[in-house]
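Residues per chain are reported as follows:
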Amino acid sequence: MVCKVCQAKAQVELRSRGFALCREHYLDWFVKETERGIRRHRMLKPGEKVLVAVSGGKDSLALWDVLHRLGYEAVGLHIHLGIGEYSQRSLEVTRAFAEERGLELWVVDLKEAYGFGVPELAGLSGRVACSACGLSKRYLLNQVAVEEGFRAVATGHNLDDEAAVLFGNLLNPQEDALARQGPVLPERPGLAARVKPFYRFSEREVLSYTLLRGIRYLHEECPNAKGAKSLLYKEALNLVEKEMPGAKLRFLEGFLEKIQPRLKAEGEVALKECARCGYPTTGETCSFCRMWEAVYRRAKKRRLLPEEAQFRPRAEPQRAR
Ligand SMILES: [Zn+2]
Ligand SMILES: [Zn+2]
């Protein structure tokens, strides 16, 4: 295999796209392809400041790198989830990345801000760990974005992630979840826009970029991810992809372009302000505040918190260093 551009020995074969590239031209192609996706879907304005959710994994660090190279004012937000050594190493890797490049990194420490990390939340919230964690991340990302004046939040979700979510939503059909999924969720009052500039790249393509760029990332997966449904869905889709290159992208794009527009006909649900925190919710109190109120109730019963402890909905992000 040779590079499509320069005929040198290829480093990355893109079977689903029908070409191969050498290191230099792969790095160029990847950055330009990200920019094309951002333009096509009007994810960001040129040079706009954007809050990048960075876990320390290959996808989010590559995203931070690419957005910075493309001239966006990319500020990183790391949420320290308190999942033992895994979270500790996630923070270290993310901090090292930011320091080497002189990028601004903010950190919200879940345990410091609210008293409990994900492992304790799993026992106290009535939710499984991944559900409590996902809810916390979504809420805190948005809160920091809104309070610090960011129009948009970017996350490193790739094609495998998005196709797996779609596959899961089709296996357990819920029309509102299907209607909501997409590479761009526009901003609304109290809600920053959510964009996924990597949604057309396979996990392998992002990893190739990360490796060829020499980015140091945390290889280990979250210990809670073992046995997650999303891994099963990815495996099934990759089985098909292996025999039918391009299947994952056709699946996701076909859904977004042809099927989803017909689901959206019902219009957006009205959002109210949460009685506790003021952030958007469909109910009276948002799920984040409801979760923490339940956690505080249970923690007091188990004497993990003093009777007078009160859940306060605001977390202040700390500048790293
Ligand atoms: Zn080349
Ligand atoms: Zn709330």
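Before going into details, it helps to say that this report is about the structure given with it. Note that this is a predicted model, so its numbers are computed, not measured.

## Here's the deal with the coordination of the zinc ion (ligand 2)
The coordination sphere of the zinc ion (ligand 2), as far as protein atoms go, consists of Cys274 (SG), Cys277 (SG), Cys286 (SG) and Cys289 (SG), spread over 2.2 to 2.4 Å. For the zinc ion (ligand 2), the four donor atoms in the first shell make angles of 105 to 117° at the metal, so the coordination geometry reads as tetrahedral. Donor residues binding the zinc ion (ligand 2) come from one chain and are separated in sequence as C-x2-C-x8-C-x2-C. When its relative accessible area of 4% is taken as the criterion, cysteine 286 is described as buried.

## Quick look at helix 9 (residues 203-212)
Where helix 9 is concerned, the buried positions are Glu205, Val206, Ser208, Tyr209, Thr210 and Leu212. Looking at the buried side of helix 9, the elements it contacts are strand 1 (12-14), helix 1 (23-40) and helix 2 (58-69). Positive backbone phi, approximately 70°, marks glycine 214, located one or two places after helix 9.

## Observations regarding the coordination of the zinc ion (ligand 1)
Summarising the metal site, the zinc ion (ligand 1) is bound by the protein donors Cys3 (SG), Cys6 (SG), Cys22 (SG) and His25 (ND1), whose distances to it range over 2.0 to 2.3 Å. Each donor residue of the zinc ion (ligand 1) belongs to the same chain, and together they define the spacing C-x2-C-x15-C-x2-H. Pair noted here: cysteine 6 is in the segment before strand 1 and histidine 25 is in helix 1, with a separation of 19 residues, a long-range link.

## Considering a nonpolar patch on the surface
Residues Leu191, Val269 and Leu271 make up a contiguous nonpolar surface patch of about 220 Å² in total accessible area. Among the residues examined, leucine 191 registers a relative accessible area of 31% and is labelled partly exposed.

## Details of the side chain of serine 125
Turning to its location among the elements, serine 125 is positioned in the loop between helix 5 (118-124) and helix 6 (129-147). Using a relative accessible area of 10% as the deciding quantity, one classes serine 125 as buried. At 3.0 Å, the side chain of serine 125 and the backbone nitrogen of arginine 127 are in polar contact. Once residues within four sequence positions are removed from consideration, serine 125 is found in contact with Ala132, Met291, Val295 and Arg298.

## Overview of the packing of helix 2 against helix 3 (residues 84-101)
Taken N-terminus to C-terminus, the directions of helix 2 and helix 3 make an angle of 15°; their axes are 11 Å apart at the nearest point. What the angle tells us is that helix 2 and helix 3 run roughly parallel. The two elements helix 2 and helix 3 cross, and the hand of that crossing is right-handed. The residues of helix 3 that touch helix 2, namely those facing Leu61, Trp64 and Asp65, are Val93, Thr94, Phe97, Ala98 and Arg101.

## Digging into the pattern of salt bridges
The final tally for this structure, using the stated rule, is 23 salt bridges. The partner of glutamate 85 in a salt bridge is arginine 89, with the nearest N and O atoms 3.4 Å apart. Here arginine 89 and glutamate 85 lie together in helix 3, a separation of four residues that amounts to about one turn. For glutamate 85, a relative accessible area of 53% corresponds to the exposed category.

## Some details on the packing of aromatic side chains
A full pass over the atoms with the stated rule returns 22 aromatic pairs. Relative to tryptophan 29, the ring of phenylalanine 19 has its centre 5.9 Å away and its plane inclined at 80°; by these criteria the two rings are edge-to-face. Linking phenylalanine 19 in strand 2 (residues 19-21) with tryptophan 29 in helix 1, this pair joins segments that are 10 residues apart in sequence. For the pair phenylalanine 19 and tryptophan 29, one class covers both residues: buried. Taking the ring centre of phenylalanine 19 as reference, the NZ or CZ of lysine 4 above it sits at 4.0 Å. It is lysine 49 that lies over the ring of phenylalanine 150; its NZ or CZ is 4.5 Å from the centre.

## Points about unusual backbone geometry
Despite not being glycine, glutamine 7 has its phi angle at roughly 65°, a positive value. Structurally, glutamine 7 is set in the segment before strand 1. Although it is not a glycine, arginine 42 adopts a positive phi angle of roughly 45°. Here arginine 42 lies in the loop between helix 1 and strand 3 (49-53).

Cut-off values and rules
Residues numbered from 1 in each chain as written. Chains lettered and ligands numbered in written order. Predicted model: local features only at pLDDT ≥ 70, side-chain atom pairs only at ≥ 80, totals over all residues. Heavy atoms only, no water. Donors = N, O, S within 2.8 Å, 3.2 Å for Na, K, Ca; no water. Tetrahedral: all angles 85-135°; square planar, octahedral: opposite > 155°, others 65-115°. Buried < 20%, exposed > 50% of the residue type's maximum accessible area, 1.4 Å probe, protein only. Helix = DSSP H or I, 4+ residues; strand = E, 2+ residues; numbered from the N terminus. Contact = heavy atoms within 4.5 Å. Patch = residues over 30% accessible without salt bridge, like charges linked within 9 Å, V, L, I, M, F, W, Y side chains within 5 Å. Areas by Shrake-Rupley, 256 points an atom, 1.4 Å probe, with all protein chains shown as cover. Salt bridge = Lys/Arg side-chain N within 4 Å of Asp/Glu carboxyl O. Polar contact = N/O pair within 3.5 Å; in protein donor to acceptor, adjacent residues only side chain to side chain. Axes fitted to C-alpha atoms, helices over the stretch in contact; angles between N-to-C directions. Parallel < 35°, antiparallel > 145°, perpendicular 65-115°, else oblique. Left-handed = near helix turned anticlockwise from the far one by under 90°. Phe/Tyr/Trp six-rings, centres within 6.5 Å; stacked < 30°, edge-to-face > 60°. Lys NZ or Arg CZ within 6 Å of the ring centre and 35° of its normal.

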